[in-house]
Amino acid sequence: MTDARLSGEKLTLAYDKRTIAQNLTVAIPDGSFTVIVGPNACGKSTLLRALSRVLTPKDGAVLLDGERISAWPAKRLARTLGLLPQSSIAPDGITVTDLVARGRYPHQGLLRQWSREDERVVAESMDATGVGALADRYVDELSGGQRQRVWIAMALAQQTPILLLDEPTTFLDIAHQIEVLDLCADLHEQGRTVVAVLHDLNHAARYATHLVALHDGRLVAEGAPGDVVTAELVESVFGMPCRVIDDPETGTPLVVPAARRKAVA
Amino acid sequence: MSVLRAGDLSVRFRPRALTVGAACLAVAAALAVVAIGSGDFPLTPAQVVEILLGGGAPSDAFIVKELRLPRVVTGLAVGAALGLGGAVFQSLVRNPLGSPDILGFTQGASSGVLVTIVVFGGGGAAVAFGAIGGGIVTGLVIMALTGRHGLHGQRLILIGIGIAAILTGVNGYLLTQAQIIDAARAFLWLAGSLNGRGWSDVVPLLIALALIVPFLVLAAARPMRMLEMGDDAAQGLGIGVERVRMGVLVAAVLAIALAAAAAGPVNFVALVAPQLARRLTRAPGPNLVPSMLMGAALLMAADLIGQRAFAGTQLPVGVVTGLIGGGYLVWLLVTERKSGRI
Ligand SMILES: Nc1ncnc2c1ncn2[C@@H]1O[C@H](COP(=O)(O)OP(=O)(O)O)[C@@H](O)[C@H]1O
Ligand SMILES: [Mg+2]
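Because the structure is a prediction, the values reported are computed rather than measured. (Residues numbered from 1 in each chain as written. Chains lettered and ligands numbered in written order. Predicted model: local features only at pLDDT ≥ 70, side-chain atom pairs only at ≥ 80, totals over all residues. Heavy atoms only, no water.)

A. View of the site of ligand 1. Taken together, Tyr15, Arg18, Ile20, Asn40, Ala41, Cys42, Gly43, Lys44, Ser45 and Thr46 of chain A together with Arg148 of chain B make up the full set of residues adjacent to ligand 1. Around ligand 1, the nearby residues trace back to chains A and B. Interatomic distance of 3.3 Å between a backbone N/O atom of Cys42 of chain A and an oxygen atom of ligand 1. Contacts to ligand 1 include Ser45 of chain A, whose side-chain N or O atom sits 2.7 Å from an oxygen atom. Protein contacts shield 69% of the accessible area of ligand 1, which totals 560 Å² for the unbound molecule. Contributing elements (two or more residues each) for the shell around ligand 1: β2 (18–28) and α1 (44–51) of chain A. The leading source of residues in the shell around ligand 1 is α1 of chain A, at three residues. When grouped by side-chain class, the residues that make up the shell around ligand 1 number four nonpolar, four polar and three charged. (Near = heavy atom within 4 Å. Polar contact = N/O pair within 3.5 Å; in protein donor to acceptor, adjacent residues only side chain to side chain. Areas by Shrake-Rupley, 256 points an atom, 1.4 Å probe, with all protein chains shown as cover. Helix = DSSP H or I, 4+ residues; strand = E, 2+ residues; numbered from the N terminus. Nonpolar A, V, L, I, M, F, W, Y, C, P; charged D, E, K, R; others polar.)

B. Spatial organisation of the interface of chain A and chain B. The interface is formed by 36 residues belonging to chain A together with 30 residues belonging to chain B. Regarding the contact of chain A and chain B, the summed buried area is about 2,900 Å², with carbon and sulfur atoms giving 53% of it. The largest per-residue losses of area from chain A upon contact with chain B belong to Arg102, Tyr105 and Trp114 of chain A, which jointly make up 25% of the total buried on that side. On the surface where chain A and chain B come into contact, there are three salt bridges. The closest approach of N and O atoms between Arg5 of chain B and Glu119 of chain A, which form a salt bridge, is 3.0 Å. The tally of links from chain A across to chain B stands at 12 residue pairs in polar contact (both at pLDDT 80 or more). Secondary structure elements with two or more residues in the side of chain A that touches chain B: α2 (74–80), β6 (81–84), α3 (96–101), α4 (116–128) and α5 (144–157) of chain A. The residue makeup of the side of chain A that touches chain B, split by class, is 18 nonpolar, eight polar and 10 charged. (Contact = heavy atoms within 4.5 Å. Buried area = accessible area lost by both parts, 1.4 Å probe. Salt bridge = Lys/Arg side-chain N within 4 Å of Asp/Glu carboxyl O.)

C. Representation of the sheet that holds strand β5 (residues 67–68) of chain A. All names here are of chain A. The sheet built from four strands is open, its strands ordered β2-β1-β4-β5 with antiparallel pairing. Each edge of the sheet is formed by a strand with only one pairing partner; in this case those strands are β2 and β5. One ladder, built from seven bridges, connects strand β1 (residues 6–15) with β2; its direction is antiparallel. Directly across from Ala14, in β2, lies its bridge partner Thr19. The strands that α1 touches are β1, β2 and β4 (59–64); relative to β1, the one it contacts most, it runs at about 120°. (Pairing = 2+ DSSP bridges. Axes fitted to C-alpha atoms, helices over the stretch in contact; angles between N-to-C directions.)

D. Fine view of the nonpolar core. Within the largest apolar cluster, 160 residues are counted, with the highest numbers of intra-cluster contacts made by Val96 of chain A together with Leu82 and Leu216 of chain B. The residues that make up this core include at least three from each of domain 1 (1–80 + 160–230) and domain 2 (90–158) of chain A. Filtering out sequence-adjacent residues up to four positions away, Val96 of chain A remains in contact with Met126, Val131, Leu134, Ala135, Arg137, Val139, Leu142 and Val150 of chain A. Listed in part, the 28 residues of the second largest apolar core include Leu13, Ala21, Leu48 and Val212 of chain A. (Core = buried A, V, L, I, M, F, W, Y, C linked by side-chain atoms within 4.5 Å. Buried < 20%, exposed > 50% of the residue type's maximum accessible area, 1.4 Å probe, protein only. Domains from an automatic or database assignment.)

E. Main features of the coordination of the magnesium ion (ligand 2). Residue and element names in this part refer to chain A. Around the magnesium ion (ligand 2), the protein supplies Ser45 (OG) and Gln86 (OE1) as donor atoms, at distances of 2.0 to 2.4 Å. Here Gln86 lies in the loop between β6 and α3 and Ser45 lies in helix α1, a separation of 41 residues in the sequence. Exposure remark for Gln86: the relative accessible area of 43% places this residue in the partly exposed category. (Donors = N, O, S within 2.8 Å, 3.2 Å for Na, K, Ca; no water.)

F. Just the domain arrangement of chain A, in detail. Residues and elements named next belong to chain A. Domain annotation of chain A identifies domain 1 (1–80 + 160–230) and domain 2 (90–158). One C-alpha centre belongs to domain 1, the other to domain 2; they are set 24 Å apart. Counting residues at the interface gives 14 residues for domain 1, matched by 15 residues for domain 2. Surface buried jointly by domain 1 and domain 2 totals about 1,300 Å² across both partners, of which 66% is contributed by carbon and sulfur atoms.

G. Geometry of a nonpolar patch on the surface. A surface patch of nonpolar side chains, about 540 Å² in accessible area, is lined by Leu110 and Leu111 of chain A together with Leu4, Leu9, Val11 and Leu218 of chain B. Position of Val11 of chain B relative to the elements: it lies in strand β2 (residues 9–13). Accessibility expressed as a relative area gives 34% for Val11 of chain B, which makes it partly exposed. (Patch = residues over 30% accessible without salt bridge, like charges linked within 9 Å, V, L, I, M, F, W, Y side chains within 5 Å.)

This is how it looks when you write it as structure tokens:
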């Protein structure tokens, strides 16, 4: 097993009395692009929220650098681990630059509100996500794809070595999905550990270096996509009969749903 | 956005927000001078300023400093507290309707005051504590009813409107239980008026503001701005969400309750001031300082209108804000409805 700065040990995750996961152990390999997949409501977001300390586990612990994450000072944690939640609210009347600049919060203080470093990182983050040209536009006037890239730019401006992204491609058309995934892959290549929840198994298989499959709050498989994505696994996790073939572009697994009826012609 | 830098230190501000704040301050000060000058012994603004700076005839100075200044200071402080409290609430609730007078906090503080006056026959400091108690109890009840849905969203607003309605009934009941003398005092207080305010009425509010304003403006404003993006996003940026929310909520309830203790329930300033401020600054975020100064200016304006606009009668400031603010609320409900937010 490779090193993992971030891991969850025997986690019990619950909202009030509703238990979502029990005895869940998961490690995020350093330098990986880890993708979490699983059917709707199986607990993917819940796991990501626990890994980022947004949700406190009922039992078990999340460890970061060998220390319980709950013991980390909040701002130091926010300089180490960034989270793009499944849904965030763009405040009324905020411009793209101002929103991205909020990612700098953990690096700032009352008398260090806007250093030259902040300025440089915000500009770089906007360029890296291709929203530099939108700098002065209002976020509520942007398209879904543009908005998503602005949020990613904000997470990027946080400059954390570990980045957790909850469904960064939802609501985007196919071209923008690939664009965002390529961006994540770039971030990963530059040395960050990236963890993303994705809906599309084929995207997961193509981009992930490490795949985690969840079902009903249980970890049912983890490892390289080539090992994890099999017809049996897809059928047992998603309840969908399929064939798995090689992606003609990349050679990674490609899930082809079984046809209920043969093509007409 | 502009930046001031000195070595490693840097401060960021919006010139436009600064201008708006300065303008509100100037308007509030000018209205205060006019208000001090008006009455049975009229004084020119120049005379008023001279006296406030320490000059003038002793008899005039007595009128200004002992009779009229407390009333005007009460007005400024109450307006500032309402504007500030309103800005905090609207930011926390993430909705312009999430104002303390809509959610029942003003009414709850009133219940606390009425209980103090009617049941215990208390005055002065007791009224202040009654108002705080009423505000806090209202907050606890609302939190119990919203439960895990948290302090935002339509659910909170609907619950708050319900609580406000119930408390209005409770306040009416309390009045029926009052002895004649207490009832007269309670009625006077309930209209929301600056008449006859002395230093003892405003001192608790001034002390509270001296603590609350630095806390909110220096320590809490930046975390609050992050909170507007949602709890998860704020937490991801290193905000202790629950701690910040509790802290600013307590500060805002204190401001609102003590404002009510000082002047009676003055409705709609907490609703309107932050929204006017935001329209003028065009800045996202809680806009705390502009909202506070806007509140002071609005309250002074409403009081002057109440004093001057209707020949022969003087309207309490709470009646004026009620009339104007009620109209604004209707307009707000219609536009929010159109934009699909309620
Ligand atoms: N804040 C919450 N309070 C109560 N239940 C929740 C909350 N968030 C999610 N859940 C429930 O927890 C389960 C797992 O949700 P989630 O982790 O969001 O699933 P996924 O991201 O895999 O679609 C769902 O059944 C969902 O209804
Ligand atoms: Mg989810």
